[in-house]
Amino acid sequence: MNYLISDIENGIKVSGLRDFCPEHIFECGQAFRWERTEEGSYIAVAKDKVAEFLMKDGELYVFNATKEDFEEVWHDYFNLDTDYQEIKDNLKKTLAYSKNDSLKEAIEFGNGLRILNQDHFEMIISFIISANNQIPRIKKSVELLSQTYGDFIGVYKGKKYHRFPSPAQLAYQDPEEVKEITRVGFRHTRIVEAARSYLEENDKFENVSLEELKNNLIALPGVGPKVMDCILLFGYGIEDTFPVDVWVKRLMETLYLDQPIPNKKILEEAGILFGDYKGHAQQYLFYYARENAIGK
DNA sequence: AAACAGGGGTTAA
DNA sequence: TTAACCCCTGTT
C-alpha cells in the first residue's frame, strides 16, 4: 500500500491508508497488548515499541513513533502490504455471500479491520492463556507476564511498558510463581512447558511445512484445535484457517446452518461457504456477531 | 455484605 | 462424552 509519512509533534502522520480502522483492528479479539484511551485512540505494544494510534479525518496519527519505527515495525505488524480490497472482493464471490446478507453486513460493520502479523511465540503463549478465558482477563495476564518477565521498553504517558517475554525468559520460571503473579490459573504449567518446547525445539516451529507446524503446535500443552487455528491465523499469517470458538459456533448455526452442529462439521461447512479466505470471513463474522450478540 | 451465576478451550478420566 | 480446571464480573 502506498502512503505518505510526515512528521508531527511527538510522532508522525500517515496519509493515504485504506482499510485501516484502529478500533476494529484492536477490538476484534486478535490482540491483547493494547488499551483504548478516553479520546478513542489505541496504545499498542509490538516488539520493543509502544505507540498510540488515532484515525482522524482519514489520516492516521501515530504518537511516540518515528518514520523508521513505522517502516520497521508497524508496517509489518499491520500487514500493510495486504490488499483488503482484494480480500473483500474475494469474499463477495463466496457461496456464503450469496446465501444471505450476513457476510455483507459483517464486512460493512467491521470495515477497516485487518488481521495482524504478530510474533509467533507471543501468539502461542497468549492463546494458550485464552483457553476457557475472557478477553479482559487475558489482557491482564499478558500484561502481568510482560511486566514481570519481559525487557523494559520505556515510559509513555506515565506508564511503564515491557516487551512480551522471550522464550528463554519464560521457559525456566517456577510455574507456581507464574501462577501467583500472572493470574493465569490452571494454565500456568502449560505456558511454562510450551515456552520450554519453543526454546529447546525451536526448529519445530520455524521454517517448517504447514503440515509439520500444525502437528507440532497441537502437541504443545494447552494447544487444541481452536488455539492452534488462532496461532496460525494471527501469528503465522495462514488465512486459510477457521478458529471455532463459542461465538463462531453460534453464528454458524444461527446464520448459515439453522441447527446445532458439531465443531468438526462446522469446519467442513466453513470450507464450502467461505473458500480459501475463510480466516478473514471468520474474523469479520466473529466481530460482527460478538458486538451485536448474534446467536445469544 | 456475602453468595452465586455466567463465561470459556483443553485435557484426563 | 463429560467433568474439572480458575478468576473476574455482574447480579441477587
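Note that the coordinates shown come from a computational prediction; the quantities given were computed from them, not determined experimentally.

Scoring rules and cut-offs
Residues numbered from 1 in each chain as written. Chains lettered and ligands numbered in written order. Predicted model: local features only at pLDDT ≥ 70, side-chain atom pairs only at ≥ 80, totals over all residues. Heavy atoms only, no water. Helix = DSSP H or I, 4+ residues; strand = E, 2+ residues; numbered from the N terminus. Rg over C-alpha atoms; globule rule 2.2 N^0.38 Å. Buried < 20%, exposed > 50% of the residue type's maximum accessible area, 1.4 Å probe, protein only. Near = heavy atom within 4 Å. Polar contact = N/O pair within 3.5 Å; in protein donor to acceptor, adjacent residues only side chain to side chain. Nonpolar A, V, L, I, M, F, W, Y, C, P; charged D, E, K, R; others polar. Pairing = 2+ DSSP bridges. Phe/Tyr/Trp six-rings, centres within 6.5 Å; stacked < 30°, edge-to-face > 60°. Lys NZ or Arg CZ within 6 Å of the ring centre and 35° of its normal. Salt bridge = Lys/Arg side-chain N within 4 Å of Asp/Glu carboxyl O.

Quick look at the overall build of chain A
Step number 1: Summing up its helical and strand segments, chain A has 15 helices and 8 strands in all.
Step number 2: A globule of 296 residues ought to have a C-alpha radius of gyration of about 19 Å, and chain A, at 19 Å, matches this closely.
Step number 3: The dimensions of chain A, computed from C-alpha atoms along their principal axes, are 50 × 45 × 35 Å.
Step number 4: Every one of the 296 residues in chain A was classed for burial, and the buried ones make up 51%.

Considering the protein's contact with DNA strand B
Step number 1: Neighbouring residues of DNA strand B: 21 residues in total, closest Asn132, Gln134, Gly222, Gly224 and Lys296.
Step number 2: Backbone atoms, meaning sugar and phosphate, form 56% of the atoms of DNA strand B found within 4 Å of the protein.
Step number 3: Within the contact set of DNA strand B, a base nitrogen lies 3.4 Å away from a backbone nitrogen or oxygen of asparagine 133.
Step number 4: Each residue belonging to the surface near DNA strand B can be placed in one class, and the counts come to 9 nonpolar, 5 polar and 7 charged.

Description of the pairing of strand 5 (residues 49-56)
Step number 1: Judged from the 5 bridges that link them, strand 4 (residues 42-46) and strand 5 form a sheet pairing that is antiparallel. By the bridge assignment, isoleucine 43 is partnered in strand 5 with glutamate 52.
Step number 2: In this structure, the hairpin formed by strand 4 and strand 5 is closed by a connection of 2 residues, where lysine 47 is found at a positive phi of approximately 50°.
Step number 3: With 5 bridges joining them, strand 5 and strand 6 (residues 59-63) adopt antiparallel strand pairing. In the strand pairing of strand 6, glutamate 52 is matched with phenylalanine 63.

Some details on the packing of aromatic side chains
Step number 1: One pass over the structure, following the stated rule, counts 22 aromatic pairs.
Step number 2: Ring geometry for phenylalanine 109 against tyrosine 288: centres 5.9 Å apart, planes inclined by 65°, an arrangement best described as edge-to-face. One end of the pair, phenylalanine 109, is in helix 5 (residues 102-109); the other, tyrosine 288, is in helix 15 (residues 278-291), and 179 residues separate them in sequence.
Step number 3: Residue classification places phenylalanine 109 among the partly exposed residues on the basis of a relative accessible area of 29%.
Step number 4: A relative accessible area of 11% means that tyrosine 288 is categorised as buried.
Step number 5: Joined through ring pairs, the aromatic side chains of Phe20, Phe26, Trp34, Tyr42, Phe53, Trp74, Tyr77 and Phe78 make up one cluster.
Step number 6: Lysine 56 extends its terminal NZ or CZ atom over the ring of tyrosine 61, reaching a point 5.9 Å from the ring centre.
Step number 7: A cation over an aromatic ring shows up here: arginine 250 above the ring of tryptophan 247, its NZ or CZ 4.4 Å from the ring centre.

As for the environment of proline 136
Step number 1: Within the secondary structure, proline 136 is located in helix 7 (residues 135-149).
Step number 2: Using a relative accessible area of 64% as the deciding quantity, one classes proline 136 as exposed.
Step number 3: Taking the C-alpha atoms as reference points, proline 136 and phenylalanine 20, separated by 116 residues in sequence, lie 24 Å from one another.

Re the pattern of salt bridges
Step number 1: Scanning the model with the defined rule gives 14 salt bridges in all.
Step number 2: One salt bridge connects lysine 204 with glutamate 201, and the closest N-O pair in it is separated by 3.0 Å.
Step number 3: Given the relative accessible area of 31%, glutamate 201 is considered partly exposed.
Step number 4: Residues joined in a network through salt bridges with shared partners are Glu35, Glu143 and Lys159.

What about the protein's contact with DNA strand C?
Step number 1: Inspection of the region around DNA strand C gives Asn132, Arg137, Lys179, Arg183, Gly185 and Phe186 as its neighbouring residues.
Step number 2: Among the atoms of DNA strand C close to the protein, meaning within 4 Å, 71% are from sugar or phosphate groups.
Step number 3: In this structure, a base oxygen belonging to DNA strand C sits 3.0 Å away from a side-chain N or O atom of arginine 137.

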